[in-house]
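# Inside the fold
So the chains spell out like this:
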Amino acid sequence: MDGKELNELRELVEFLKANEIAEFDMERSDLKVRIKFVGEPAPAAGLDMAQLARLMAGQGGAQVPAIAASAAAPVASAPAAPAAAAPAPVDPDAGAHIVKSPIVGTFYDAPSPGSEPFVKVGDRVEVGTVLCIVEAMKLMNEIESDAAGEIVRIMPKTAQPVEYGQSLFAIKTR
């Protein structure tokens, strides 16, 4: 899946959430997607085939027409469990300093293939320590730590594309 398709998928997920669509299936010749949101049941809603085709073809401008209630038989749903019964999700990066990508490019955790990574989970870093490289247009940009502390999480995998503002590292500050 290339960057353009990944962006289209992200836009589709945002669209589905915004219109409270709980479940969605799509199949193209080279791609099959099934999205199911867990939580309170959303009202029964759906896309007609023309709207879906325009959405996936990227037509219709940035605004996609509002979704009307589905004409199909209503979907039966089980009653939602009380909110008190479900534990609140725990954010693993709560309280950690997040280092974000300053540019769009490709993430590399080491200076060259086969080399040791710049940092690993558990390493202590100081301000200015090189954490990774983000390659953009054949230029290798060293990304330095802007906080002192311990690396608790590395989000992207090596050779993975990253976007501007995407979280790269979580650092537990001292």
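Within each chain, residues carry numbers counting from 1 in the order of the written sequence. Since the coordinates come from a predicted model, pLDDT governs what is reported: local features require at least 70, and pairs of side-chain atoms require 80 or more to be given and counted, while whole-chain, interface and lining totals use all residues. The side-chain numbers reported here are obtained from all heavy atoms of the structure, hydrogens and water having been left aside.

## Looking at the pattern of salt bridges
- We define a salt bridge as a side-chain nitrogen of Lys or Arg found within 4 Å of a carboxyl oxygen belonging to Asp or Glu. For the structure shown, the criterion picks out 1 salt bridge.
- R10 is the salt-bridge partner of E163, the closest N and O atoms lying 2.2 Å from each other. Of this pair, E163 sits in the loop between β9 (160-162) and β10 (167-173) while R10 sits in helix α1 (residues 3-18); the two residues are 153 residues apart in sequence, bridging distant segments of the chain. Numbering of helices and strands runs from the N terminus; a helix is a DSSP stretch of H or I covering at least four residues, while a strand is a stretch of E covering at least two.

## Remarks on the nonpolar core
- Among buried residues, those of type Ala, Val, Leu, Ile, Met, Phe, Trp, Tyr and Cys that are joined through side-chain atoms within 4.5 Å constitute a nonpolar core. Residue exposure (1.4 Å probe, protein chains only): buried if accessible area is under 20% of the type maximum, exposed if over 50%, otherwise partly exposed. Within the largest apolar cluster, 13 residues are counted, with the highest numbers of intra-cluster contacts made by L131, C132, I151, L168 and F169.
- Of all elements in the fold, only β6 (130-136) and β10 reach the threshold of two or more residues within this core.
- L16, F24, M26 and I35 belong to the second-largest nonpolar core, a separate cluster that totals 9 residues.

## Notes on the pairing of strand β1 (residues 23-28)
- For two strands to count as paired, DSSP must find a minimum of two bridges between them. Note: β1 against strand β2 (residues 31-36), 6 bridges, orientation antiparallel. Across the sheet, residue D25 finds its bridge partner in β2, namely R34.
- A loop of 2 residues connects β1 with β2, the two strands running antiparallel in sequence.

## Focus on the sheet that holds β10
- Strand order in the open sheet made by the 4 strands is β3-β10-β8-β5, with antiparallel pairing throughout. At either end of the open sheet lies a strand with only one pairing partner, and these are β3 (97-100) and β5 (124-125).
- Pairing analysis gives 2 bridges linking β5 to strand β8 (residues 149-154), with the strands arranged antiparallel. Note that in β8 the partner of V125 across the bridge is G149.

## Some words on the environment of I103
- Assignment of secondary structure puts I103 in the loop between β3 and β4 (105-108).
- On the basis of relative accessible area, I103 is assigned to the partly exposed category, the value being 25%.
- Along the backbone, I103 and Q166 are 63 residues apart, and their C-alpha atoms lie at a distance of 8.9 Å.
- Residues contacting I103, with those up to four places away along its chain left out, are V134, A136, N141, V162, E163 and Y164. The contact definition used throughout considers only heavy atoms, calling two residues in contact when any of these lie within 4.5 Å.

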